[in-house]
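Listed here are the chains, written in short residue letters.
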Amino acid sequence: MKLKNKVAVVTGGAQGIGAEIAKKFANEGATVIAADMNELKYEADNVHGYELNVTDVKKCKAFFDDIVESYGKIDILVNNAGITRDAMTRKMTDEQWNLVLDVNLKGVFNLVRHIGPHMEKNGGGSIINISSVVGVFGNIGQANYSASKAGILGLTKTWAKEFARKGVPVRVNAIAPGYVMTEILQTVPDDLLDKFAAMTMLKRLGEPEEIASVASFLASGDASYITGQTLNVNGGMRL
Ligand SMILES: NC(=O)c1ccc[n+]([C@@H]2O[C@H](COP(=O)([O-])OP(=O)(O)OC[C@H]3O[C@@H](n4cnc5c(N)ncnc54)[C@H](O)[C@@H]3O)[C@@H](O)[C@H]2O)c1
């Protein structure tokens with residue numbers, strides 16, 4: 001029960017990696033708000049669904065106010081909501097570019113601009129940003145996605161400095177998952193997934209639970225001296 005009495009917000013918590021993080025946090029004793037555009041695809045004790053599109057600036061503020069009023073505080077924020085709209089750069093539309101940047105990068109800012117200062121005022125907290133192996137190394141056909149996920153790494157370091165500047169322990173870290181079996185990979189051809197699996201030292205893709213356990217570690221007191229870091233959770237891809 002490493003997260004006992006903690007209030008955690010997990011964006012994109014309706015399915016996939018976010019769902020596993022929400023369930024893991026609840027198992028560790030947290031009260032979890034899984035904020036997503038869609039309804040939760042599961043039921044779990046102490047995981048509460050909340051309809052939120054992270055691109056909606058006004059609703060993000062209203063969400064923050066509502067959660068603090070209902071639960072008293074936010075101790076943990078996992079910025080996990082994310083999408084892909086893949087295309088080679090020469091064919092990428094403005095719509096594809098803007099949508100991915102709006103959800104994956106601006107959506108993170110829309111919440112942290114409220115929740116970061118709240119944690120600072122409240123005496124501490126842990127923010128975990130879900131980046132990607134693609135944000136670290138780049139990938140053909142994913143200019144928009146790689147830009148958004150690399151941007152998250154810059155935000156992570158900036159916020160680790162900004163919210164702790166008065167000596168308050170607000171820790172901000174990123175997780176850069178490798179390829180993990182969820183719906184987001186549905187558009188990736190099987191032969192490419194096999195290739196990605198072969199590129200790892202462990203010769204397989206990841207499971208959402210393997211990202212959730214790292215998020216749980218970073219959220220907990222076990223990671224009390226870790227901030228501004230990116231944990232690559234990718235089975236040793238590209239060592
Ligand atoms: N699966 C992978 O291989 C992989 C690898 C690296 C990083 N990631 C990242 O992990 C995160 C979770 O991805 P996943 O694999 O679980 O994908 P997923 O598609 O299964 O889940 C994404 C969730 O985000 C929600 N979402 C999308 N747009 C939203 C918005 N505007 N507002 C609120 N919620 C929104 C979706 O409804 C969905 O529940 C994403 O940020 C993704 O980029 C995934």
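Keep in mind it's a predicted model, so treat the numbers as computed, not measured.

The rules we used
- Residues numbered from 1 in each chain as written.
- Predicted model: local features only at pLDDT ≥ 70, side-chain atom pairs only at ≥ 80, totals over all residues.
- Helix = DSSP H or I, 4+ residues; strand = E, 2+ residues; numbered from the N terminus.
- Rg over C-alpha atoms; globule rule 2.2 N^0.38 Å.
- Buried ≥ 20, exposed ≤ 12 C-beta atoms within 10 Å, placed from the backbone.
- Contact = placed C-beta atoms within 7 Å.
- Near = placed C-beta within 6 Å.
- Nonpolar A, V, L, I, M, F, W, Y, C, P; charged D, E, K, R; others polar.
- Core = buried A, V, L, I, M, F, W, Y, C linked by C-beta atoms within 7 Å.
- Axes fitted to C-alpha atoms, helices over the stretch in contact; angles between N-to-C directions.
- Parallel < 35°, antiparallel > 145°, perpendicular 65-115°, else oblique.
- Left-handed = near helix turned anticlockwise from the far one by under 90°.
- Pairing = 2+ DSSP bridges.

Draft legend 1. Seen up close, the overall build of the protein. Along its length, the protein carries seven helices and seven strands. By the compact-globule yardstick of 18 Å for 239 residues, the protein fits well, its C-alpha radius of gyration being 17 Å. Counting only C-alpha atoms, the protein reaches 50 × 40 × 35 Å along its principal axes. Counting all 239 residues of the protein, 42% fall into the buried class. Across the protein, the fraction of contacts at a sequence separation of at least 24, relative to all contacts at a separation of at least 6, is 70%.

Draft legend 2. Region of interest: the site of the ligand. In the region of the ligand, 29 residues are neighbours, and Gly12, Gly16, Gly82, Thr182 and Ile184 sit closest. Of all elements in the fold, only helix H1 (16–27) and helix H3 (94–122) reach the threshold of two or more residues within the shell around the ligand. With three residues, H1 is the largest single contributor of residues to the shell around the ligand. Residue classes in the shell around the ligand are distributed as 14 nonpolar, 13 polar and two charged.

Draft legend 3. Quick look at the nonpolar core. In terms of nonpolar packing, the biggest core is built from 61 residues, with Ala8, Ala22, Phe25, Val32 and Ala215 touching the most fellow members. Once residues lying within four places of it in the same chain are set aside, the contact partners of valine 32 are Ala8, Val10, Ala22, Phe25, Ala26, Asn46, Val47 and His48.

Draft legend 4. Examining the packing of H1 against helix H7 (residues 208–219) more closely. Two numbers describe how H1 lies on H7: the axes approach to 8 Å, and their chain directions differ by 50°. Classified by the angle their axes make, H1 and H7 are oblique. Regarding H1 and H7, the two cross each other, and that crossing is right-handed. Between H1 and H7, the contacting residues are Gly16, Ile17, Glu20, Ile21, Lys24 and Phe25 on the first element and Pro208, Glu209, Ile211, Ala212, Ser213, Ala215, Ser216 and Ala219 on the second.

Draft legend 5. Broad picture of the pairing of strand E2 (residues 31–36). Most of E2 is tucked away: five of the six residues are buried. As paired strands, strand E1 (residues 7–11) and E2 are joined by five bridges and run parallel to one another. The partner of valine 10 across the bridge, within E2, is alanine 34. Pairing geometry for E2 and strand E3 (residues 47–51), over five bridges, is parallel. Residue pairing in the sheet places alanine 34 in a bridge with glycine 49 of E3.

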